[in-house]
Amino acid sequence: MTMTYLDQLRQQGIMILIITHDPQVAEFADVVYQLQDQQLVLTKGSRPEEAPDDASRDIISATPTTIPPAAKKHLFSYTWTNLRHTKRRLFFLAIPIIIIISAFILSFTAFRASSTLSFKNSFGGISERAITLDTQDLNRKTRARYRKEGIVSSFDGKRIGFSQADLTVARKLTGVASVTPFNPGGVNLYDFHRNTLKLTYLAAEFDPLIQRYQQLNNKLDEITFEFNMLSTPQSVIRDFNEANIDLVAGNYPHDRSDEILIPDVLVLQKYHTTDLRQVLRKSMTLNVRKDRQTKKHNYRIAGVYNTDYAHGLSAKYPIYVSYAAEDERTAYLDQENYQYYRDLLTEDEATAAVSQNLIASYTQYEQAIGTGYQGMLIVADHDTDVPRLTKQLQMKYPAYKITSQEDLRHGELGVIYRQLIWILIGGSVAIALIAGVLICFLNKSYINGRSRELAILYSLGYQRKDIFQVIALENGLLFGAYFLISCGICALLNRFLLSKLSSARLFIYLFAPENIGALFLLVVMMLLISILWGISGVKQKNLKYYLNH
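Note that this is a predicted model, so its numbers are computed, not measured.

Reading guide: rules and limits
Residues numbered from 1 in each chain as written. Predicted model: local features only at pLDDT ≥ 70, side-chain atom pairs only at ≥ 80, totals over all residues. Heavy atoms only, no water. Pairing = 2+ DSSP bridges. Helix = DSSP H or I, 4+ residues; strand = E, 2+ residues; numbered from the N terminus. Axes fitted to C-alpha atoms, helices over the stretch in contact; angles between N-to-C directions. Contact = heavy atoms within 4.5 Å. Buried < 20%, exposed > 50% of the residue type's maximum accessible area, 1.4 Å probe, protein only. Phe/Tyr/Trp six-rings, centres within 6.5 Å; stacked < 30°, edge-to-face > 60°. Lys NZ or Arg CZ within 6 Å of the ring centre and 35° of its normal.

Visitor: I keep staring at the sheet that holds strand 3 (residues 130-134) and nothing clicks. Help me out?
Guide: Sheet strands line up and pair through hydrogen bonds in the backbone, either parallel or antiparallel. Strand order across the open sheet formed by three strands is 3-12-4, with antiparallel pairing between neighbours. Pairing within the sheet leaves two strands with one partner each, and these edge strands are strand 3 and strand 4 (176-182). For this sheet the average axis-to-axis angle between neighbouring strands, irrespective of direction, equals 15°. Taken together, the five bridges between strand 3 and strand 12 (residues 375-380) define a ladder with antiparallel strand orientation. Among the inter-strand pairings, I131 is bridged to a residue of strand 12, identified as I378. Against the sheet, helix 7 (residues 164-171) touches strand 4 and strand 12, its axis set at about 160° to strand 4.

See below:
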């Protein structure tokens, strides 16, 4: 096989010198000199042109003979042949490398899902036209001032809830379609009749469609469904649904109606089907409680929302009932609540000083309560109006954080989001570099062996750039195979193990195009480290050493 390869090099115009005691090897040569009585005697072929005076120089020169263009076509063939001949050794070297890359893929995916994607998805219920303010959500500048001055309060010192005057001012702004008060984070566990619900299915009652999604490390004993009242009216809920509901069939319930929005899991359990549209507008009779009495009440299914049950079941799911405006102000107006806020906002002198307008007297407390709603939802006529409205609201309410998709891109939320991205990038790059160096150490003996072979190619007339191409091509093929195999292993792990664990949601985006693209770039970084490591050995001093030893 060696002589066949050397014969191919000869046919490409490369001159090869062989010193041998084997007559069979000498038969391959075009010209043969034999050492006789301390003299070189021509025994085969014609005498070539005289060599230059420095024929005794080192085999390797600083400027090796330029390889013919036809020979370059064989670089890929040479690389591929070499990989085939060393496949057994490469197989055993590949095992730890594939494990490292697979672990890296899963770790990156999980960290990305729990950081940047989780942060961004938490604002998925806000449309491009929506802006929200919260009297207890102060902006970063105000929080920094409070910390510096020792103030312990979540209010700006001017209001506890938005007043009717605040709502009127907002409605008069140019480009505002609607203004709706709401209570951020508040959840009412009853419908507009004040009926409550606790519908429970034990594990033994689970439909087979649900049983298949039980998690290996967290099997549920029961699933409970409870009423949750929607926090905003139907007219604006598509611009802002605080619970980030993913509506997949039908519509949201009309305000103050017996319509309900049910989870897809309940469709599987109660109607034994995955066709969610089959249940729309159907009547559902539920055993509800009111005033400590249980009774049956009929509801109509307006829509179905997605729970992503395929990536893990939950022990509790809400059934969303229609929005019904309530008198939030009345709940605050009693001496007990006044005393609570008075005690809360006078813990120290600094806090008491900034809170005087809120709790100095009961009359001031009543004014500070306003409508009783601590949140304000502003929907713009067009998303292009949002930047201008944001600036106007910042002037009107300089202490509050203003939340919108615009803010997520360019405002305070955007700063937080970009910080998370940089943490993800920096951590991932650092781990990729460490993994790349570790892979090189695992391949150290193989790389050294290849360097000896490359030294021979160099002495036969290949230029350094040709050898670099061989190294890059070989590493590219290997890392391409490593990455594809690692992706395959991750797919199998996700299919048969990860998807059945309580952490399954961390791997929802495992094969999302943007995730694969980011992983590919990080694996390319590992590849570059391996290529640079291999190229670092292609030095004239090293090549001479490998040829002489």
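Having seen the model, we can carry on.
Visitor: How do you make sense of the pairing of strand 5 (residues 196-202) when you look at a structure like this?
Guide: For a regular strand, side-chain orientation follows a simple rule: the groups alternate between the two sheet faces. The alternating pattern of strand 5 places L197, L199 and Y201 on a buried face, while none of T196, K198, T200 and L202, on the opposite face, is buried. Across two bridges, strand 5 lies against strand 9 (residues 283-290) in antiparallel orientation. Its bridge partner being in strand 9, L197 is matched across the sheet by V288. As paired strands, strand 5 and strand 6 (residues 222-229) are joined by five bridges and run antiparallel to one another. Looking at the pairing, L199 lines up with F225 of strand 6.

Visitor: I keep staring at the packing of aromatic side chains and nothing clicks. Help me out?
Guide: Under the criterion given, the structure shown has 22 aromatic pairs. Taken together, a centroid distance of 5.4 Å and an interplanar angle of 90° make the contact between Y338 and Y362 edge-to-face. Remark: Y362 occurs in helix 14 (residues 362-369) and Y338 occurs in helix 11 (residues 335-344); sequence separation between them is 24 residues. Ring geometry for Y362 and Y365: centres 5.9 Å apart, planes at 45°, overall tilted. Of this pair, Y362 and Y365 both sit in helix 14, three residues apart, roughly one helical turn. A relative accessible area of 23% places Y362 in the partly exposed class. Every member of this aromatic cluster is reached through a ring pair, and the members are F155, Y332, Y338, Y340, Y341, Y362 and Y365. Positioned over the ring face of F496 is R495, at 5.2 Å from the centre of the ring.

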